[in-house]
Amino acid sequence: MNLDQIDWAKSELLPVIVQDSTTLEVLMMAYMNREALELSLSTRIAHYFSRSKQRLWKKGESSGHLQHIERFLLDCDNDTLLIIVRQEGVACHTGRKSCFFTDIETGDSISEPQIDTAATYGIIDELYHTILSRKNADPETSWTAKLLSKGDNTILKKVVEEAGEFSFAIKDGNEDEIIYECADLVYHVLVALGHKNISPDRIKQELARRFGMSGIAEKNAREK
């Protein structure tokens, strides 16, 4: 494929539709920048650019559910890609084969998870995705949806409140209370991140950037 065929002037991110080579089922939609496409072409393993994580990611890097690319097809406007893949495992982080499983007219799910992904992706990522899914839920039936519907002030008030309760638990030295209050604090921090569409992966990236750097040096770098 000649990458100059692609109309990069429209966007640096190329929409990519992913189709199963055996069943022809549409598995997911993602984005590739030029680097991700070059990696995908050279390795024949799907690599994407994650808008939420703000980085390149190899599909299946956590789960092992790789996508082996059989064909790359560019559309007539030279701005959308269809890739035909052999999917290992499942494509969706929910454990379903395809990311497209909700009937928008009825709200019903047309498929069930094939695997439990909580252990694969980790509880923090699982919880964050659950929080995102509550954005359009009924605030009368979901505490998370209620918090998100109230906006910044209510969400941040809960973060400060839970931080205070966690601090008191630490001071009291009760391990069970420390764990309980820390879990509450983490949940409310994730709600705040979800409200701003900031993936926990970006926090991990920042911590990784700081690893090996002294706290004093990191603080001085921020103040410049």
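Whatever comes next refers back to the structure up there.
All values reported here derive from a predicted model rather than from experimental measurement. (Residues numbered from 1 in each chain as written. Predicted model: local features only at pLDDT ≥ 70, side-chain atom pairs only at ≥ 80, totals over all residues. Heavy atoms only, no water.)

Undergrad: I keep staring at the side chain of Thr-144 and nothing clicks. Help me out?
TA: Examined against the element boundaries, Thr-144 turns out to sit in helix α4 (residues 143-150). Excluding residues within four positions of it along the chain, Thr-144 makes contact with Ile-131, Arg-134, Tyr-187 and Val-191. (Helix = DSSP H or I, 4+ residues; strand = E, 2+ residues; numbered from the N terminus. Contact = heavy atoms within 4.5 Å.)

Undergrad: Quick question: what am I supposed to make of helix α6 (residues 175-195) here?
TA: Structural remark: α-helix, 3.6 residues per turn; residues separated by three or four positions point the same way. For α6, built from 21 residues, the straight-helix expectation of 30 Å at 1.5 Å per residue is met to within 8% by its first-to-last C-alpha distance of 30 Å. Among the residues of α6, Glu-181, Leu-185, Tyr-187, His-188, Leu-190, Val-191, Ala-192, Leu-193 and Gly-194 are the ones counted as buried. Structurally, α6 contributes buried residues whose contacts are with α3 (123-133), α4, α5 (152-172) and α7 (200-210). Two or three places before Asp-176, at the opening of α6, Asn-174 has a side-chain oxygen 3.1 Å from that residue's backbone nitrogen. One or two steps after α6, the chain reaches Asn-197, where phi turns positive at roughly 55°. (Expected span 1.5 Å × (residues − 1). Buried < 20%, exposed > 50% of the residue type's maximum accessible area, 1.4 Å probe, protein only. Polar contact = N/O pair within 3.5 Å; in protein donor to acceptor, adjacent residues only side chain to side chain.)

Undergrad: When you look at the sheet that holds strand β1 (residues 14-20) in this model, what are you seeing that I'm missing?
TA: Taken in spatial order, the 4 strands of this open sheet run β2-β1-β6-β5, and their pairing is mixed. Edge strands, defined here as strands with exactly one partner in the open sheet, are β2 (26-32) and β5 (67-74). For this sheet, the mean angle separating the axes of adjacent strands, direction not counted, is 30°. Here β5 runs beside strand β6 (residues 81-87); their pairing, made up of 7 bridges, is antiparallel. (Pairing = 2+ DSSP bridges. Axes fitted to C-alpha atoms, helices over the stretch in contact; angles between N-to-C directions.)

Undergrad: Looking at this structure, how should I read the packing of aromatic side chains?
TA: Note on aromatic pairs: each is described by the distance of the centres and the angle between the planes. Counted by the stated rule, this structure contains 1 aromatic pair. Between the aromatic rings of Tyr-48 and Trp-57, the centroid separation amounts to 5.4 Å while the plane-to-plane angle is 45°, which identifies the pairing as tilted. Its relative accessible area of 0% is what places Tyr-48 among the buried residues. A cation sits over an aromatic face here: Arg-96 above Phe-101, 3.9 Å from the ring centre. (Phe/Tyr/Trp six-rings, centres within 6.5 Å; stacked < 30°, edge-to-face > 60°. Lys NZ or Arg CZ within 6 Å of the ring centre and 35° of its normal.)

Undergrad: Just checking my understanding: could you explain the pairing of β2 for this structure?
TA: Regular strands place side chains that alternate from one sheet face to the opposite one. Burial of β2 is extensive: 5 of the 7 residues sit out of reach of the surface. Bridging between β1 and β2 involves 6 bridges; their strand directions are antiparallel. Its bridge partner being in β2, Gln-19 is matched across the sheet by Val-26. Taking the residues that link successive antiparallel strands as the turn, the β1-β2 hairpin has 5 residues, and the phi of Leu-24 there is positive, at about 65°.

Undergrad: What exactly am I supposed to notice about a nonpolar patch on the surface here?
TA: A cluster of nonpolar side chains, contributed by Ile-17, Val-26, Met-29 and Phe-100, occupies part of the molecular surface with about 340 Å² of accessible area. In this fold, Ile-17 is placed in strand β1. (Patch = residues over 30% accessible without salt bridge, like charges linked within 9 Å, V, L, I, M, F, W, Y side chains within 5 Å. Areas by Shrake-Rupley, 256 points an atom, 1.4 Å probe, with all protein chains shown as cover. Salt bridge = Lys/Arg side-chain N within 4 Å of Asp/Glu carboxyl O.)

Undergrad: I'm lost on unusual backbone geometry in this one. Help?
TA: Glycine aside, residues mostly have negative phi, and peptide bonds are mostly found in the trans state. The backbone phi angle of Gln-54 is positive, close to 55°, even though this residue is not glycine. Here Gln-54 shows up in the loop between β3 (47-50) and β4 (55-58). Of note, Asn-78 is a non-glycine position whose phi angle comes to about 60°, a positive value. Turning to its location among the elements, Asn-78 is positioned in the loop between β5 and β6. Residue classification places Asn-78 among the partly exposed positions, given a relative accessible area of 29%.

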